[in-house]
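Each chain, written out:
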Amino acid sequence: MTPRDDAPAPLDPAPEPHTGLMGRFRNYFLTGLVVTGPIAITLYLVWWFVTWVDGVVRPFVPLAYRPETYLPYVVPGWGLVVAFFTLTLVGFLAANLIGRTLVDVGETFLGRIPAVRAIYRGLKQVFETLFSGKGSSFRKVGLVEFPSPGMWSIVLISQSPNEDIARSLPGQEEHVSVFLPCSPNPTTGFFFYVPKSKIIEVDLTAEDAATLIMSAGVVQPGSAPDPKKAAALAGMANAARIANASTLQPQPAKVE
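Residues numbered from 1 in each chain as written. Predicted model: local features only at pLDDT ≥ 70, side-chain atom pairs only at ≥ 80, totals over all residues. Heavy atoms only, no water.

As named in an unreviewed UniProt entry, the chain is DUF502 domain-containing protein, taken from Bradyrhizobium xenonodulans.

Turning our eyes to something else, we now look at helix H1 (residues 21-57). If you check H1, its first and last C-alpha atoms are 53 Å apart, about what 37 residues at 1.5 Å a residue would give, namely 54 Å. At threonine 36, H1 shows its maximal bend, which comes to roughly 35 degrees, and the proline proline 38 appears one to four places after that position. Regarding H1, the residues found buried are Gly23, Asn27, Thr31, Gly37, Val50, Val53, Asp54 and Val57. (Helix = DSSP H or I, 4+ residues; strand = E, 2+ residues; numbered from the N terminus. Expected span 1.5 Å × (residues − 1). Bend = angle between axes of the 7 residues up to and from the residue. Buried < 20%, exposed > 50% of the residue type's maximum accessible area, 1.4 Å probe, protein only.)

This part covers unusual backbone geometry. The omega angle of the peptide bond from phenylalanine 146 to proline 147 is 10 degrees, so this bond is cis rather than trans. Within the element layout of this structure, proline 147 appears in the loop between strand S1 (140-145) and strand S2 (152-157).

Now for the pairing of strand S3 (residues 175-181). Most of S3 is tucked away: seven of the seven residues are buried. Neither face of S3 is exposed, since His175, Ser177, Phe179 and Pro181 on one face and Val176, Val178 and Leu180 on the opposite face are all buried. Bridge analysis of S3 against strand S4 (residues 189-195) gives seven bridges, and the strand direction is antiparallel. Looking at S4, one finds that phenylalanine 179 is bridged to phenylalanine 191. (Pairing = 2+ DSSP bridges.)

Counted under the stated rule, the structure contains three salt bridges. When the shortest N-O distance is used, the salt bridge between arginine 58 and glutamate 68 registers 3.3 Å. A residue pair is termed long-range when its members are at least 10 positions apart, and arginine 58 in the loop between H1 and helix H2 (78-94) and glutamate 68 in the loop between H1 and H2 qualify at ten residues. Relative accessible area serves as the criterion here: at 22%, glutamate 68 is assigned to the partly exposed category. Arginine 167 is paired through a salt bridge with glutamate 163; the nearest N and O atoms lie 4.0 Å apart. One end of the pair is arginine 167 and the other is glutamate 163, both in helix H5 (residues 163-168) and four residues apart, which spans about a single turn. Of the two residues, arginine 167 and glutamate 163, both sit in the exposed class. Connected via shared salt-bridge partners are Glu163, Asp164 and Arg167. (Salt bridge = Lys/Arg side-chain N within 4 Å of Asp/Glu carboxyl O.)

Below, the structure written as C-alpha cells:
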C-alpha cells in the first residue's frame, strides 16, 4: 500500500522551549514557587495579625495572667484569645438591659464632644453595616465607564444618597453611591455618585471582584485553582523531557 497523495503530512511537534537541564530546573523552581508562595504569604499574614493583636492586648493583661510569666518563652496568640473572649463578654453585657443603658450613656457622652461625635457616629454606622449582616452595601458589583469613554472599571455598589444629597445632584435620574477600588490595593480608591442607568451590574461577588482587582486581571472569576494543578505543575519538567525526546524520533507516514 502506498501513501495517499491527499493524506495530510504529519505535523512536526512544536519545539519545547527550555527542555534541557536549565529548563527542568526552571520548571521545578516555578512549581515550587506556585506551591509554596500562597502558603508562605498566608502564614505570614496570619502571623502578622496574631502578633499585632498580642502587642495591643498584652499591656492590658496583668503579669500574673501572662503565660510568659511561668514559661521561658512567649506564647503567640494569647492576646488574640484574650481579645476574643473580651469582645464576646462585652457583647453579652451589651445585650442585656444594664449593658444597653451603659452603652446609651457612653454614646450620649461622646455625642456631646463635637470633634469625636462625627468620627464615632460614622464609624458606628460603618461597623453596623459591615458586621450586622443586614446591610446591602458592597454586596453588588458593577461596571462604570471610568476614567474615560470606552474604558470600564469595576465598582462596588453601595447605598443610595440621602434626600439632601439627592436633591443637590443634577438631573432627575436616581443616583447610587459606588466605591472604585484601586489595583493592587483594593482598600484604597475613589468614592462618587453615579446615575443608576450608567452602571452595568455583573454577576460577581465582592470577594471575586477584590481578587480580580488585587491580581490586576491575572486571576479571572471562575478560574479557581484545581486541586490537581499542583501535581500537573510538578510533572511539567518530565513532560517537557518526554516531548523533547519524541521530536527526535521519525514519524511514520499514515497509510491505508
